[in-house]
Amino acid sequence: MKFTFRVRYHTRPGQSLHLSGNHEIFGGSNPDRALPLHYRNHDFWELSLDLIPGQILVTKIVYILLVLFADGSHTFDAGRDRLLNLPAFAASFAFL
């Protein structure tokens, strides 16, 4: 199953956006293992993953966005916890 995560997030030159989450696929909440998103245009960043069936074993993945600066430092995007329910998403397309 191909999963594409697309987010509207404005950054400045020299910054990059990464995705971290409580599941091992998303770095196990370790900022050093966060997944880099790819710059699409001035508003959007994107990450595509090929997920193997059964790879996502938790029902709710809590994720956060990290903004990385040119000097290697980072900050977390402020706001409430973001939840991702990939098993429910995959089940909705099981019969297509």
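Quick note: structure is the one above.
Source: prediction; values computed, not measured. (Residues numbered from 1 in each chain as written. Predicted model: local features only at pLDDT ≥ 70, side-chain atom pairs only at ≥ 80, totals over all residues. Heavy atoms only, no water.)

Asks: Just to check I follow, could you spell out the sheet that holds strand β1 (residues 2-8) for this structure?
Replies: Within a sheet, each strand pairs with its neighbour through backbone hydrogen bonds, oriented either parallel or antiparallel. If you walk across this open sheet you meet the three strands as β1-β5-β4, and the pairing is antiparallel. Because the sheet does not close on itself, it has two edges, and the strands there are β1 and β4 (38-39). Two strands pair when backbone bridges link them, and β1 and strand β5 (residues 44-50) are joined in this way by seven bridges, in the antiparallel orientation. Bridging across to β5, R8 finds its partner in F44. (Pairing = 2+ DSSP bridges. Helix = DSSP H or I, 4+ residues; strand = E, 2+ residues; numbered from the N terminus.)

Asks: Got a minute to help me understand the pairing of strand β6 (residues 61-68) in this structure?
Replies: Along any regular strand the residues' side chains alternate between the sheet's two faces. In this sheet, β6 lies alongside strand β2 (residues 16-21) in antiparallel orientation, the contact comprising six bridges. Considered in β6, the bridge of G21 is made with Y63. Where β6 and strand β8 (residues 82-84) come together, three bridges link them in antiparallel fashion. If you follow Y63 over to β8, its bridge partner there is R82. Here β6 hands over to strand β7 (residues 74-76) after five residues, with G72 in that stretch at a positive phi of 95 degrees.

Asks: Any chance you could explain the pattern of salt bridges here in plain terms?
Replies: Close approach of charged atoms lets side chains of opposite charge pair. For the structure on display, the rule yields five salt bridges. Between E46 and R6 there is a salt bridge, with its nearest N and O atoms 2.7 Å apart. Of the two residues, E46 is situated in strand β5 and R6 in strand β1; the sequence distance between them amounts to 40 residues. Take E46: its relative accessible area is 13%, and that puts it in the buried class. Here D77 makes a salt bridge to R82, at a shortest N to O gap of 2.6 Å. We classify D77 as buried; its relative accessible area is 15%. (Salt bridge = Lys/Arg side-chain N within 4 Å of Asp/Glu carboxyl O. Buried < 20%, exposed > 50% of the residue type's maximum accessible area, 1.4 Å probe, protein only.)

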